[in-house]
Amino acid sequence: MSTFLLVHGAWHSGRCWDRVVPLLESAGHRVLAPSLTGYGDKAHLLSPDVGLGTHIDDIVALIEDERDVVLVGHSYAGMVISGVADRIPERLARLVFLDAMVPEDGETAADVIPITKQLVDSAVDGWRVPPMGLFGVTDPDDVAWLRSMLSDQPVRCLTEPVRLANPAAAAIPRTHIHCVAGQPAGITRRPVPPGEPVRELPTGHDCMITMPAELTKLLVEAA
């Protein structure tokens, strides 16, 4: 049995994993799928002060009493899990970057994906970015469900740098899962370092909604 901690990306909530969680549990695994501060059941905490550090703290607090966690970060949460790995590498068995940002030390989300700077510049009230697009989801029922869980993203999440100074974090095995259908214009992936496995899913960005069974299989294989 593995313990999976699934971290959602920008604008989403922990509900986005609702189709994956029961599949992992039925395969005998333990699963945590929290909402980060400012989303889902924590939407009332959304404020200009919420940033990348807030979300790293969220996940570190959940893992402090855990061991051998498979930490999965979708999209923006690649920044989050990188920061968590720097803080508590001894608690983690593997990092899974799910169509995710993969930063270097000192980078912001806007550095990793430069087009993000346009979102920062157009922020409402100077600090929050409304949801952009439908993340590759096309089924009308899925679109309605997705829209029901989306919240604005604080600018600070996109402009706060991640600090990666702990050499022990580099020893954590990593897997990358890429969604290869309908790649948005202006977004390019960085090369994956040699030796880090890469898997692909023929779907859009929100694969946990559009291909939950196939994603679950890849997560189990990674663990």
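Refer to the preceding data block for the structure.
Residues numbered from 1 in each chain as written. Predicted model: local features only at pLDDT ≥ 70, side-chain atom pairs only at ≥ 80, totals over all residues. Heavy atoms only, no water.

### Notes on helix 3 (residues 77-87)
- Across the 11 residues that make up helix 3, a large majority, 10, are buried.
- A77, G78, M79, V80, I81, S82, G83, V84, A85 and D86 are the residues of helix 3 that are buried.
- Considering only its buried residues, helix 3 is in contact with strand 1 (3-7), helix 2 (52-63), strand 3 (69-74), strand 4 (92-98) and helix 4 (109-112). (Buried < 20%, exposed > 50% of the residue type's maximum accessible area, 1.4 Å probe, protein only. Helix = DSSP H or I, 4+ residues; strand = E, 2+ residues; numbered from the N terminus. Contact = heavy atoms within 4.5 Å.)

### As for the sheet that holds strand 4
- In space, the 6 strands of this open sheet follow the order 2-1-3-4-7-8, with parallel pairing throughout. Edge positions in the sheet fall to strand 2 (30-32) and strand 8 (198-201), since each has one partner strand and no second. With direction set aside, neighbouring strand axes in the sheet form an average angle of 20°.
- Across 4 bridges, the pairing between strand 4 and strand 7 (residues 174-179) is parallel. Bridging across to strand 7, F97 finds its partner in H176.
- The sheet strands contacting helix 2 are strand 1, strand 3 and strand 4, and the helix crosses strand 1 at an angle near 165°.
- Strand contacts of helix 9 (residues 212-222): strand 1, strand 3, strand 4, strand 7 and strand 8, with the helix running at about 170° to strand 8, the strand carrying the most contacts. (Pairing = 2+ DSSP bridges. Axes fitted to C-alpha atoms, helices over the stretch in contact; angles between N-to-C directions.)

### Some details on helix 2
- Between its terminal C-alpha atoms helix 2 stretches 17 Å, which fits the 16 Å expected from 12 residues at 1.5 Å a residue.
- Turning to helix 2, its buried residues number three or more, namely L52, H55, I56, D58, I59, V60 and I63.
- Against strand 1, strand 3, helix 3, strand 4 and helix 7 (155-159) lie the buried residues of helix 2. (Expected span 1.5 Å × (residues − 1).)

### Regarding the layout of surface pockets
- Quantified by volume, the largest pocket comes out at close to 1100 Å³.
- For the largest pocket, the lining is made up of 49 residues, of which S75, D99, M101, I113 and I187 are closest to its centre.
- Taken together, the elements giving at least two residues each to the lining of the largest pocket come down to helix 5 (116-121) and strand 7.
- It is strand 7 that contributes the most residues to the lining of the largest pocket, 4 residues altogether.
- Along the lines of polarity and charge, the residues of the lining of the largest pocket split into 25 nonpolar, 16 polar and 8 charged. (1 Å grid on protein atoms, 1.4 Å probe; cavity = no way out; pocket = protein on both sides within 12 Å on 5 of 7 lines; lining within 4 Å. Points joined across faces, edges and corners; volume = space filled by probe spheres on them. Nonpolar A, V, L, I, M, F, W, Y, C, P; charged D, E, K, R; others polar.)

Treat this as a map of the structure, not an account of what it does.
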